[in-house]
Amino acid sequence: MKKILIVVLALIVLVAGSAFYLIKLKEPVYADSADAQYVMQNITADSRTSRTIVWQSRGVIPKSYIEYRMTGNQNSSQIEATNIDFKTDEGVVHKHTAYLSNLKPATKYEYRVGDDKNRTNWFTFTTEAEKVSNYKVLIFPDSQCADYGVWQRLSSAAWERNKDAVFFINMGDLVDNGEQYSQWRAWLRAISGMVSTIPAAPIPGNHEYYTLDWKATPAKLYENLFSLPTNGTEGLPNQTYSYDYGDVHYVVIDTQAEELAAFDNNIYERQVQWLEKDLSKTNKKWKVALLHRSPFDWRASDAPNTIGKSFLPILDKYGVNLVFLAHIHSYSRTVPVKNFAPANKGTVYITTGRSGDKVWEGSPRKTFDEVFYNPLDQPNYLTLEVTDNELYVRAVKQDGSIIDEVHIKE
Ligand SMILES: [Fe+2]
Ligand SMILES: [Fe+2]
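As recorded in an unreviewed UniProt entry, the chain goes by the name 3',5'-cyclic adenosine monophosphate phosphodiesterase CpdA, listed as coming from bioreactor metagenome.

Asks: Mind showing me how you'd approach the sheet that holds strand β13 (residues 248-253) here?
Replies: Either a parallel or an antiparallel arrangement is found when strands of a sheet pair, and the pairing is made through backbone hydrogen bonds. With mixed pairing, the 7 strands of this open sheet are ordered in space as β12-β13-β14-β15-β19-β16-β20. Edge positions in the open sheet fall to β12 (241-245) and β20 (369-373), since each of these has one partner strand only. Direction aside, neighbouring strands of the sheet carry axes that sit 15° apart on average. In the sheet, strand β14 (residues 286-291) pairs with strand β15 (residues 322-325) via 3 bridges, with the strands oriented parallel. The residue of β15 that forms the bridge with Val288 is Leu322. Seen against the sheet, helix α7 (residues 267-281) touches β12, β13 and β14 and runs at an angle of roughly 175° to β13.

Asks: Before we go on, may I ask you to explain the nonpolar core in this structure?
Replies: Nonpolar side chains in soluble globular proteins tend to end up buried together. By size, the foremost hydrophobic cluster in this structure holds 96 residues, and its most contacted members are Tyr250 and Phe324. Counting only domains with at least three residues in this core, you end up with domain 1 (36-126) and domain 2 (135-408). With sequence-adjacent residues up to four places away left out, Tyr250 is seen in contact with Tyr135, Val137, Phe167, Ile169, Tyr241, Ser242, Tyr243, Tyr245, Val288, Leu384 and Val386. Judged by nonpolar contacts, the second largest core, of 15 residues, contains Trp55, Tyr109, Phe123 and Phe125.

Asks: Can you help me understand the layout of surface pockets in this one?
Replies: Empty pockets left among the atoms are what a rolling probe the size of a water molecule brings to light. Taken as a whole, the largest pocket encloses approximately 590 Å³ of empty space. Around the largest pocket, the lining is made up of 32 residues, and of these Arg293, Ser294, Trp298, His327 and Ile328 lie nearest the centre. Those elements that place two or more of their residues in the lining of the largest pocket are α6 (257-260), α8 (306-317), β16 (331-334) and β19 (348-352). Of the residues in the lining of the largest pocket, the class split is 11 nonpolar, 12 polar and 9 charged. Size it by volume and the second largest pocket reaches roughly 420 Å³.

Asks: Even after reading the chapter, I still don't get helix α3 (residues 181-190), so can you show me in this structure?
Replies: Side chains three or four residues apart in an α-helix point the same way, a direct result of the helix having 3.6 residues per turn. A large share of α3 lies buried, amounting to 7 of its 10 residues. Buried residues of α3: Tyr181, Gln183, Trp184, Ala186, Trp187, Leu188 and Ala190, and no others.

Asks: When you look at the coordination of the iron ion (ligand 2) in this model, what are you seeing that I'm missing?
Replies: By definition of the ideal shapes, a tetrahedral metal site with four donors has angles of 109.5 degrees and an octahedral site with six donors has angles of 90 or 180 degrees. For the iron ion (ligand 2), every protein donor is listed as Asp173 (OD), Asn206 (OD1), His292 (NE2) and His327 (ND1), and the spread of their distances is 2.1 to 2.2 Å. If you look at the iron ion (ligand 2), its 4 donor atoms make angles of 90 to 159° with each other, and the shape they trace is irregular. Look at where the donors of the iron ion (ligand 2) fall in the sequence and you get D-x32-N-x85-H-x34-H.

Asks: Is there a simple way to explain the UniProt feature "domain: Purple acid phosphatase N-terminal" (unreviewed entry) in the chain in this structure?
Replies: Here the UniProt-annotated "domain: Purple acid phosphatase N-terminal" (unreviewed entry) positions come out as residues 39-127. Taken end to end, residues 39-127 is 0% helix and 55% strand, and its first and last C-alpha atoms sit 18 Å apart.

Asks: Please explain the coordination of the iron ion (ligand 1) as it appears in this structure.
Replies: The protein atoms that coordinate the iron ion (ligand 1) are Asp142 (OD), Gln144 (OE1), Asp173 (OD) and His329 (NE2), at distances of 2.1 to 2.2 Å. Separating the iron ion (ligand 1) from the iron ion (ligand 2) is a gap of 3.3 Å, which Asp173 spans by donating to each of them. On the criterion of sequence distance, the pair formed by Asp173 in the loop between β10 (165-170) and α3 and His329 in the loop between β15 and β16 is long-range, its members being 156 residues apart.

Asks: Help me understand the pattern of salt bridges in this model?
Replies: Two side chains with opposite charge may pair up if their charged atoms get near one another. Applying the stated criterion across every chain yields a total of 23 salt bridges. For Asp35, the salt bridge is made with Arg58, and the minimal N-O distance between the two is 3.6 Å. Placement of Asp35 in the loop between α1 (2-25) and β1 (36-42) and of Arg58 in the loop between β2 (51-57) and β3 (65-70) is noted, with a sequence separation of 23 residues between them. Glu259 is the partner of Arg293 in a salt bridge, and the nearest nitrogen-oxygen pair spans 2.9 Å. Of this pair, Arg293 sits in the loop between β14 and α8 while Glu259 sits in helix α6, and the two are 34 residues apart along the sequence. In terms of burial, Arg293 and Glu259 fall into one category: buried. Taken together, the shared-partner salt bridges connect Asp46, Arg48 and Glu130 into one network.

Reading guide: rules and limits
Residues numbered from 1 in each chain as written. Chains lettered and ligands numbered in written order. Predicted model: local features only at pLDDT ≥ 70, side-chain atom pairs only at ≥ 80, totals over all residues. Heavy atoms only, no water. Pairing = 2+ DSSP bridges. Helix = DSSP H or I, 4+ residues; strand = E, 2+ residues; numbered from the N terminus. Axes fitted to C-alpha atoms, helices over the stretch in contact; angles between N-to-C directions. Contact = heavy atoms within 4.5 Å. Core = buried A, V, L, I, M, F, W, Y, C linked by side-chain atoms within 4.5 Å. Buried < 20%, exposed > 50% of the residue type's maximum accessible area, 1.4 Å probe, protein only. Domains from an automatic or database assignment. 1 Å grid on protein atoms, 1.4 Å probe; cavity = no way out; pocket = protein on both sides within 12 Å on 5 of 7 lines; lining within 4 Å. Points joined across faces, edges and corners; volume = space filled by probe spheres on them. Nonpolar A, V, L, I, M, F, W, Y, C, P; charged D, E, K, R; others polar. Donors = N, O, S within 2.8 Å, 3.2 Å for Na, K, Ca; no water. Tetrahedral: all angles 85-135°; square planar, octahedral: opposite > 155°, others 65-115°. UniProt positions renumbered as here; feature names shortened; annotations may be inferred. Salt bridge = Lys/Arg side-chain N within 4 Å of Asp/Glu carboxyl O.

Printed below as a string of structure tokens:
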């Protein structure tokens, strides 16, 4: 009897053990068998000759590498990445960054990352041509979510329809709580195919500046996760920067003075000085500015707020053609605006909508709006197509239906 009991007990232990083993095996196995994960490209100031690749590893990797080669070429080059560790609410993240320079324009490359033992699968990217007359950019409004499946479905629909996009912009409030690392993981995992193939060009929103208990704080995780051009306002890394693509100069402005007030109290003054220098240097035909918050009062009036009073004169002075905005989760497009009023020739302001699951029913149509649409029914994205003679913007719902389209000429 005792023997039978022992055999039964042993069987139970064996079955339970193999069940546990099976469960263990079911843990996600990354396609990239190396320790590397969340491989992404970040925009650089000049996409003809450079590209930044960022990834993370699950463990401490003393030496990490990127290996890259022109597609079709068997000989690859290798450079060592820069490693930093940063703290999150889920423990330490090990981040690796490699800046590839002296690349050949209009060339398809393959790259993979890893350490001394393991490498990921090969990914690809294509550098910008020396002269580009036609290209497309994907633009995503606030992607903050309670369920990042919503962001995953919206971004996948946009990417599937626009595989010819050369980079993508995120308009801030990428996640709902900037200090909650699980949200960043979900955000990155949702776009793994796109962000390993074309560069991300994110801008910060106020939700990147909240602690887990919703107090304002500098956007440390946002700053740490990305490696964006370092040509912005001093002391505001990844928060302000500029870059060129084709005949367009893009500038990123941080509109979070309210959240930063206790930490850094003159971010608009410093950005205005930077913007003056930055915009005066460019000889690009088109200028596009990216701001999370609107420069106009959030109510129906279009009176300039602090952001508007700070930045509108300089956007006017340098003839910025188009400004993309976010934050209020509705879509709108103004008539051309100059000197704080509608004008025949001026800047068009497009508030981009929402690509996550947060909606705001109270978002008002405003006096300068030529088009207003509150995407309560489904999330949306935008495409910007740049040609020799126009900036062509389309706002598209997840199901492919068009909210708005506009051709902006010089
Ligand atoms: Fe938002
Ligand atoms: Fe916001």
